[in-house]
Amino acid sequence: MTRTNIHDGVYAVLFALFDAQEALDHGAMKAQIEYCVETGCHGITVLGLATEVLKLTFAERCALVETTARANAGRLPFSVTIAGNSVGEQVELAACAAAAGADWLILQPPMVGSYGADVYLDFFARVATSTTLPVAVQNAPQYLGRALSGEDLVRLKQRAPNLAAVKAEDAALGLARIIDVAGDSLAVVGGRGGLEMTDALRIGCRGFVLAPDIAPVAARILDLWQADRHVEAEALYAAALPAATFVMQSLEHLITYGKRIFGENAGIAIHDRAPCLPVQPVGLSIARQWSETLSRLQQERP
C-alpha cells in the first residue's frame, strides 16, 4: 500500500544487540534489519528507548546509525531518535543522522533537570532548526518524565516549521487531545508497544514506532485497517494483545523479555549490557509462549 506521509505505517525501533562481552554486535544488528524488512515492517527507527540509547556512547550511537543506514540500503524509510542532554550534543547527532541518509528525526527531551514548557520549547526549536530534515518530538512522560501539551506543540511548530509529527507514548484519549488541538498540522505517531492500537487508529493516529517483537504483527494490523478490513484488524489485535501486555509492564521488562521474544523469532542470540533486569526462568517461559504466538500471527495470511 502506498503511503503519502513519511510518518505513516509501523516503524520497527531496533533493539540494541550485544555480544557476550557486552559490545555492540553490528552483525546481529544487520540481521535484525533483514528480519524487519522480511516480516513486512513499514519503516526502521534506531536509537529509541528500545535501543537502550542511554547505555551507548556518542561514538556507538553514530556507528549504529551508519550500520543501520548501510544495512537498510534505502529499502524502508529510516528515522533516528535524537537523545542528548545539551543542544550541542543533539545537533551533532542530528548531523550524523542526516549524513547517513536518515529520512526524519525524533527528538527526545534532555534527561537532566526538570523545567517548564518554555525551556523545552527553546531546546527543541534550536535542535529542530539546525537541520533541514522533518522532525518529531517524543512525548513519553511515563518513560522520560517530560511531555509537551498539544498547545505547546502548536507553538513549537510556529518556531520550527520542519516539526512534522509527535511520537506520543500516551493512551488513546491523550492522543485524541493532541489531534484535536494540532489538527492536520502534525501527524500523531503512537507507541506503547501497540497497546490500544485500534483505538488509536480510530481517533486518527497515523503510524506507530514499536519494537520488533510486536512490529511485524502490528504492521499487518495496520495494513488490514487501512484496507477497511476493520473486523479482521480487531481480531488480530485481540490475539496479539496479551503478548504486548506482558512485554509492556515497564521499559526494563521490554528490554529483557521483548528482546528475547524477538530473538526467538529472528533466530538471534540475545546478550545484555548492564544494568538490566535479571532474567527469571518463569519470565523466559512466558516469553517463549508469546514468541510462538506472535510468530504464528505474523505468518498467517488472511
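Reading guide: rules and limits
- Residues numbered from 1 in each chain as written.
- Predicted model: local features only at pLDDT ≥ 70, side-chain atom pairs only at ≥ 80, totals over all residues.
- Heavy atoms only, no water.
- Helix = DSSP H or I, 4+ residues; strand = E, 2+ residues; numbered from the N terminus.
- Rg over C-alpha atoms; globule rule 2.2 N^0.38 Å.
- Buried < 20%, exposed > 50% of the residue type's maximum accessible area, 1.4 Å probe, protein only.
- Contact = heavy atoms within 4.5 Å.
- Areas by Shrake-Rupley, 256 points an atom, 1.4 Å probe, with all protein chains shown as cover.
- Lys, Arg positive; Asp, Glu negative; His and termini not counted.
- Charge placed at Lys NZ, Arg CZ, Asp CG, Glu CD.
- Polar contact = N/O pair within 3.5 Å; in protein donor to acceptor, adjacent residues only side chain to side chain.
- Core = buried A, V, L, I, M, F, W, Y, C linked by side-chain atoms within 4.5 Å.

(A) Quick look at the overall build of the protein chain. For the protein chain, the helix and strand inventory stands at 12 helices and eight strands. Computed over the C-alpha atoms, the radius of gyration of the protein chain is 18 Å, within 12% of the 19 Å expected from 2.2 N^0.38 for a compact globule of 302 residues. For the C-alpha atoms alone, the extent of the protein chain along its principal axes is close to 50 × 45 × 35 Å. Expressed as a percentage of its 302 residues, the buried residues of the protein chain come to 56%. The contacts of the protein chain with a sequence gap of at least 6 include a subset with a gap of at least 24, amounting to 70%. Counting every atom, the protein chain has about 11900 Å² of accessible surface; 54% of that belongs to carbon and sulfur. Positive and negative side-chain charges of the protein chain, numbering 24 and 32 respectively, have mean locations separated by a distance of 1 Å.

(B) Inspection of the side chain of N162 at higher detail. Looking at where N162 falls in the secondary structure, it is placed in the loop between α6 (150–159) and β6 (163–168). Residue classification places N162 among the buried positions, given a relative accessible area of 18%. A distance of 3.2 Å separates a polar atom in the side chain of N162 from the backbone oxygen of T131. Those residues in contact with N162 that sit more than four places away from it in its chain are A128, T131, L133, P134 and V135.

(C) Representation of the nonpolar core. Counting residues in each nonpolar core, the largest one holds 104 residues, and the members touching the most others are V10, L47, V80, L105 and M197. In terms of residue count, the dominant contributor to this core is helix α9 (residues 215–226) (eight residues). Contact partners of L105, with chain neighbours within four places excluded, come to V80, I82, A94, A97, T131, L133, P134, V135 and A136.

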